[in-house]
Each structure stands twice: as structure tokens, then as C-alpha cells.
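# Per-entry structural report
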Amino acid sequence: MSIKPLIILPDPILRQVSKPVERVDGDLRKLADDMLETMYDAPGIGLAAIQVGEPRRLLVIDLAKEDEPPAPHVFINPEILESSDQRSVYEEGCLSIPDYYAEVERPAAVRVKYLDRDGKLQEMQAEGLMATCLQHEIDHLNGVLFIDHISKLKRDMVVRKFKKLAKDKAPGKMVG
């Protein structure tokens, strides 16, 4: 396994809509394993393939706490079939928007269909943090970031900050 470099805002690839996975094979499972390693290293609880520069409908999630054994989930071509009317608010962060957190309101529960790492069709009824995490990561696959769910004023401030950081870090800046 190898750690993949994370794509950071304002990289426009984060706004791409990911393409469906055509075939579940060893290469895709290796990508999922590499994504899990990248996520654990970050550390994070979820990662979409687009965040490592792969515009495919693949995401990984592990909500195990530090003192628990890993409990990785791989979701291929995930699709939300149903969302609850009840809402919940979680403080969200994102590996592609480091060190920024905001409260986001989303449906409290979702029903999701997906292929597992063996290519078998699965359905999951998710609530709480798993529901929030699935919605956050599926948003990534659709070119949506969690900051799109906060006020325009806050979102604009975050985007400006990350554009400035990217500009300041740009290679080959000329002086004088």
C-alpha cells in the first residue's frame, strides 16, 4: 500500500463530478487500500477518490475510535436512495480543506446502495455520524464540498484564504 497525495482547495479537480466505476478488480481494490492508508495517515474518517486525484465514484470510511480495531468500509458507486426528513448537525472538517471546521446540517439518516470491494450490491441504512460521513463523501463525488452547505459569507472567506495560501506556495515566484 502507498499513501497518495491529497488534493487541497482551491484545486479545480475537487469540483469535478466523478465517473462511475465500470469494473471492480484488483487495481480498484488496491486504490481503495491506498486511500484507506492515506486516510489513516492524515488522519481522517472518510476519503473520496477525487481527493487523491482519481475522479471515480469510490469512497472509503472508517469510524472506529483510536482504541478500537480498524473497521474500514469501501463504497463503490454509492447512491443515496432515501434521506430522512429529520435533520442533524455535525461539526465537519475535510482533508482537502485542512484545519477548517464548520457545523453543517444534513439529513439524520440515509439509505445508500453501493458495491462492496468484491463487487457485490449492498444496501446500508445509516444514521448519526455514518450518515453524515456518507453524505459528505458522496458530495465529493458530485463535485460538492462541505463548505457549500455553510453561509456564502463564510464559504467565500474560506475559499479566499485557501487561494491566498496556494498563491503564496506557488513554485517559481519571481522576486523583484
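Residues numbered from 1 in each chain as written. Predicted model: local features only at pLDDT ≥ 70, side-chain atom pairs only at ≥ 80, totals over all residues. Heavy atoms only, no water.

In the annotation of an unreviewed UniProt entry, the chain is listed under the name Peptide deformylase and assigned to Mesorhizobium captivum. According to its UniProt record, the chain has this under Catalytic activity (unreviewed entry): "N-terminal N-formyl-L-methionyl-[peptide] + H2O = N-terminal L-methionyl-[peptide] + formate". According to the UniProt record, the Function (unreviewed entry) comment for the chain reads "Removes the formyl group from the N-terminal Met of newly synthesized proteins. Requires at least a dipeptide for an efficient rate of reaction. N-terminal L-methionine is a prerequisite for activity but the enzyme has broad specificity at other positions." (UniProt positions renumbered as here; feature names shortened; annotations may be inferred.)

## Description of the sheet that holds strand S1 (residues 46-48)
An order of S1-S2-S3-S6-S7 is seen for the five strands of this open sheet, with the pairing classed as antiparallel. The outermost strands of the open sheet, each flanked by one partner alone, are S1 and strand S7 (121-127). Pairs of neighbouring strands in the sheet enclose a mean axial angle of 40°, with direction left out of account. In this structure, S1 lies alongside strand S2 (residues 58-61), joined through three bridges in antiparallel fashion. What sits directly across from Ala48, in S2, is Leu59. (Pairing = 2+ DSSP bridges. Helix = DSSP H or I, 4+ residues; strand = E, 2+ residues; numbered from the N terminus. Axes fitted to C-alpha atoms, helices over the stretch in contact; angles between N-to-C directions.)

## Brief notes about the side chain of Asp116
Examined against the element boundaries, Asp116 turns out to sit in the loop between strand S6 (109-115) and S7. The side chain of Asp116 is buried and forms no salt bridge, while Lys120, the nearest opposite charge, is found at 5.6 Å. A distance of 3.0 Å separates polar atoms of two side chains, one belonging to Asp116 and the other to Gln122. The contacts of Asp116, once residues within four sequence positions are left out, are Val24, Val74, Ile76 and Gln122. (Buried < 20%, exposed > 50% of the residue type's maximum accessible area, 1.4 Å probe, protein only. Lys, Arg positive; Asp, Glu negative; His and termini not counted. Salt bridge = Lys/Arg side-chain N within 4 Å of Asp/Glu carboxyl O. Polar contact = N/O pair within 3.5 Å; in protein donor to acceptor, adjacent residues only side chain to side chain. Contact = heavy atoms within 4.5 Å.)

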